[in-house]
Amino acid sequence: ENRNVVSTIESNIITSVYPNPFSNSLNLKIESPEQTVVMVDLINILGEKVYTINMSLKKGTNDDLIELSMLPGGMYFLVISKDGVILDSHKIIKN
């Protein structure tokens, strides 16, 4: 099962999202080398931001549950960024 785990050179942040596809809520797991704040955006296939949250990360493992039951089913891109630089992104499907 592909959990879309990606490591990026700029930040050494490792992220995973599951389950994918999801129904109402999405688990976001971020391994961070330092304490920092990142922005998490959900973008629909039209390129519109449909959800944004600032997430405070501690050094180490960060587990968050994002409630997305209000969104219609379809494909989205989850984008994690810091200071305007994209650190990671995932294609996700909502049932």
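Further up the page is the structure itself.
Enquirer: Can you help me understand the sheet that holds strand 7 (residues 74-82) in this one?
Expert: Taken together, four strands build an open sheet; the order of strands is 5-4-7-8 and the sheet is antiparallel. Every interior strand has two partners, whereas the edge strands, strand 5 (49-57) and strand 8 (85-94), have only one. Averaged over all pairs of adjacent strands, the angle between their axes in this sheet comes to 20 degrees, without regard to strand direction. In terms of strand pairing, strand 7 meets strand 8 through nine bridges, oriented antiparallel. Bridge pairing in strand 8 links Gly-74 to Lys-94.

Enquirer: Honestly, the environment of Asn-24 in this entry has me stumped. Any pointers?
Expert: Residue position: Asn-24 is located in the loop between strand 2 (14-18) and strand 3 (25-32). The contacts of Asn-24, once residues within four sequence positions are left out, are Ile-66, Glu-67, Leu-68 and Ser-69.

Enquirer: Which parts of the structure should I look at to understand the nonpolar core?
Expert: Soluble, globular proteins show a tendency: their nonpolar side chains are buried together. Counting 20 residues, the largest nonpolar core has Leu-28, Leu-42, Leu-68, Leu-78 and Ile-92 as the members making the most contacts within it. Of all the secondary-structure elements, those providing two or more residues to this core are strand 3, strand 4 (36-44), strand 5, strand 7 and strand 8. Excluding residues that lie within four positions of it along the chain, Leu-78 makes contacts with Val-17, Leu-26, Leu-28, Val-40, Asp-41, Leu-42, Asp-88, Ser-89, His-90 and Ile-92.

Cut-offs and rules
For every chain, the first residue of the written sequence is number 1, and numbering continues from 1 onward in sequence order. For a predicted model such as this one, the threshold for reporting local features is a pLDDT of at least 70, and the threshold for listing and counting side-chain atom pairs is 80 or more; totals across whole chains, interfaces and linings nevertheless cover every residue. In computing side-chain values, all of the structure's heavy atoms are included and hydrogens and water are not. One bridge is not enough; two strands pair if DSSP finds at least two bridges between them. By definition, any uninterrupted DSSP run of H or I lasting at least four residues is a helix, any uninterrupted run of E lasting at least two residues is a strand, and each is numbered from the N terminus. For every element, the axis is a line fit to its C-alpha atoms; helices are fit only across the contacting stretch, and the angle between N-to-C directions ranges from 0 to 180 degrees. The contact criterion used is simple: two residues touch if any of their non-hydrogen atoms lie within 4.5 Å. Take the buried residues of types Ala, Val, Leu, Ile, Met, Phe, Trp, Tyr and Cys, join any two whose side-chain atoms come within 4.5 Å, and each joined set is a nonpolar core. Think of it in three bands: residues with accessible area under 20% of the maximum for their type are buried, residues over 50% are exposed, and the middle band is partly exposed, with areas taken using a 1.4 Å probe on protein chains only.

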